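Secondary and tertiary structure notes
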Amino acid sequence: MTTGPDTVPDAVLDRVACASLVDAMGRLHSHRAHILSLVSPAPRRLFGPVATIAYLPYRDDLRQTELGFGALFHQAVGESAAGTVLVLSSGGYPEASHGGGTKLSRLQHTGAAGVLADGRLRDFEQLRGYAFATWCRGEATRWGGDTVMPFAANVAVEIRGVCVIPGDYLYADASGAVVIPRASLKQVIDEALRVEAEDATSLEEIATERLEGTSRD
């Protein structure tokens, strides 16, 4: 469940899926909002307001090289980390490691909802044991700090062709992810519930068609 003024009860989230949320976004917005082909060490639903860390190709002459992930993490999540979804951009190297169980233990200590990385993550066994949800490009074995570096906190980032703004809401499950503008959250949830209801009605109609066809035969 999210925290703050935009709280969405788990009972409501249980009634929608990523696909219905994507359909709802398509009815209300014209921009791309869905993200595909995510991997998790322990697949579970991820939902909450977004904080971002932008990664860039590594350079040894930039201040952020020394600032590091820890300082940027705390800048990103601020004083209200609980329930936050941390989004990490790829920095142009989606196959490189963007962190692992040690760095990301900060999410466990702050009560963050989870992380979505547009790169690989290390230590899947360790990440599997944390309470937060993890989604990424896949598992890495090699350290990636000489390839990409965390550079800026809470800036707009691009994730697989989707623009992600701090304060957006992100939903992810085994089928993919969707990014929802904060101002549209209630309308998107309500529309997704309508999509689910329409699908349920269609299932009933299709079942009726089959029964009627059988009786005619």
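Residues numbered from 1 in each chain as written. Predicted model: local features only at pLDDT ≥ 70, side-chain atom pairs only at ≥ 80, totals over all residues. Heavy atoms only, no water.

What follows covers the environment of Thr84. Counting through the fold element by element, Thr84 comes out in the loop between helix H3 (63–77) and strand E3 (85–88). Considered as a pair, Thr84 and Gly167 are 83 residues apart in the sequence and their alpha carbons are 9.3 Å apart. Among all residues touching Thr84, those that are not within four sequence positions of it are Pro49, Ala51, Val77, Ala112, Ala113 and Gly114. Side-chain polar atoms of Thr84 contact the backbone oxygen of Ser80, separated by 3.2 Å. (Helix = DSSP H or I, 4+ residues; strand = E, 2+ residues; numbered from the N terminus. Contact = heavy atoms within 4.5 Å. Polar contact = N/O pair within 3.5 Å; in protein donor to acceptor, adjacent residues only side chain to side chain.)

Here the focus is the nonpolar core. Ranked by size, the top nonpolar core spans 25 residues in total, and within it Ile53 and Leu86 carry the most contacts. Of all the secondary structure elements, the ones that give two or more residues to this core are strand E2 (46–57), H3, E3, strand E4 (114–117), helix H5 (124–128) and strand E6 (148–153). By residue number, the principal contributor to this core is H3, which donates 5 residues. With residues up to four places along the chain from it excluded, the contact list for Ile53 reads Phe69, Leu72, Phe73, Ala76, Leu86, Val87, Leu88, Ser89, Pro150, Ala152 and Val157. (Core = buried A, V, L, I, M, F, W, Y, C linked by side-chain atoms within 4.5 Å. Buried < 20%, exposed > 50% of the residue type's maximum accessible area, 1.4 Å probe, protein only.)

Moving on to H3. Since the α-helix turns once every 3.6 residues, residues separated by three or four places project in the same direction. A rise of 1.5 Å per residue sets the reference length of H3, with its 15 residues, at 21 Å; its end C-alpha atoms lie 20 Å apart and thus fit the reference within 8%. At Phe69, H3 shows its maximal bend, which comes to roughly 70 degrees. Every buried residue belonging to H3 is among Gln64, Gly68, Phe69, Gly70, Leu72, Phe73, Ala76 and Val77, and all of these are buried. On its buried face, H3 sits against E2, E3, helix H4 (105–110) and E6. In the segment just after H3, Gly78 is the residue with positive phi, at about 65 degrees. (Expected span 1.5 Å × (residues − 1). Bend = angle between axes of the 7 residues up to and from the residue.)

Attention now goes to the state of the cysteines. For the structure shown, the criterion picks out 0 disulfides. As a non-bridged cysteine, Cys136 has Cys18 as the owner of its nearest cysteine sulfur, 16 Å distant. Free cysteine Cys163: the closest other cysteine sulfur is in Cys18, separated by 18 Å. (Disulfide = S-S within 2.5 Å.)

Right, let's talk about the packing of aromatic side chains for a bit. Taken as a whole, this structure holds 4 aromatic pairs when the rule is applied. Centre to centre, the rings of Phe69 and Phe73 are 6.2 Å apart; their planes meet at 20 degrees, and the pair counts as stacked. With a gap of 4 residues between them, Phe69 and Phe73 both fall in helix H3, about one helical turn apart. Classification of Phe73 as buried rests on a relative accessible area of 0%. With centroids separated by 5.1 Å and ring planes inclined at 25 degrees, the aromatic side chains of Tyr130 and Phe132 adopt a geometry described as stacked. Residue classification places Tyr130 among the buried positions, given a relative accessible area of 14%. Counting every residue linked through ring pairs, the aromatic cluster contains Phe47, Tyr169 and Tyr171. (Phe/Tyr/Trp six-rings, centres within 6.5 Å; stacked < 30°, edge-to-face > 60°.)

For the rest of this paragraph, the subject is the layout of surface pockets. Of the volumes computed, that of the largest pocket is approximately 270 Å³. Taken together, 20 residues form the lining of the largest pocket, with Gly99, Lys103, Trp143, Gly144 and Gly145 sitting closest to its centre. Of all elements in the fold, only H3 and E6 reach the threshold of two or more residues within the lining of the largest pocket. Broken down by element, the lining of the largest pocket gets its largest block of residues, 4 residues, from H3. Within the lining of the largest pocket, the residues separate by chemical class into 7 nonpolar, 10 polar and 3 charged. (1 Å grid on protein atoms, 1.4 Å probe; cavity = no way out; pocket = protein on both sides within 12 Å on 5 of 7 lines; lining within 4 Å. Points joined across faces, edges and corners; volume = space filled by probe spheres on them. Nonpolar A, V, L, I, M, F, W, Y, C, P; charged D, E, K, R; others polar.)

Of all 5 residues in strand E10 (residues 176–180), 5 are buried; the element is thus mostly enclosed. Following strand E9 (residues 169–173), the chain reverses through 2 residues before pairing antiparallel with E10. (Pairing = 2+ DSSP bridges.)

Across all of its chains, the model carries 11 salt bridges by this definition. Here Arg137 makes a salt bridge to Asp118, at a shortest N to O gap of 2.9 Å. With Arg137 in the loop between strand E5 (133–135) and E6 and Asp118 in the loop between E4 and H5, this residue pair connects regions lying 19 residues apart in the sequence. Classification of Arg137 as partly exposed rests on a relative accessible area of 27%. Classification of Asp118 by relative accessible area gives buried; the value is 3%. In this structure, the salt-bridge partner of Arg142 is Asp146, at a minimum N-O distance of 2.6 Å. Beyond isolated ion pairs, a larger network of salt bridges with shared partners links Arg27, Glu191, Arg194 and Glu198. (Salt bridge = Lys/Arg side-chain N within 4 Å of Asp/Glu carboxyl O.)

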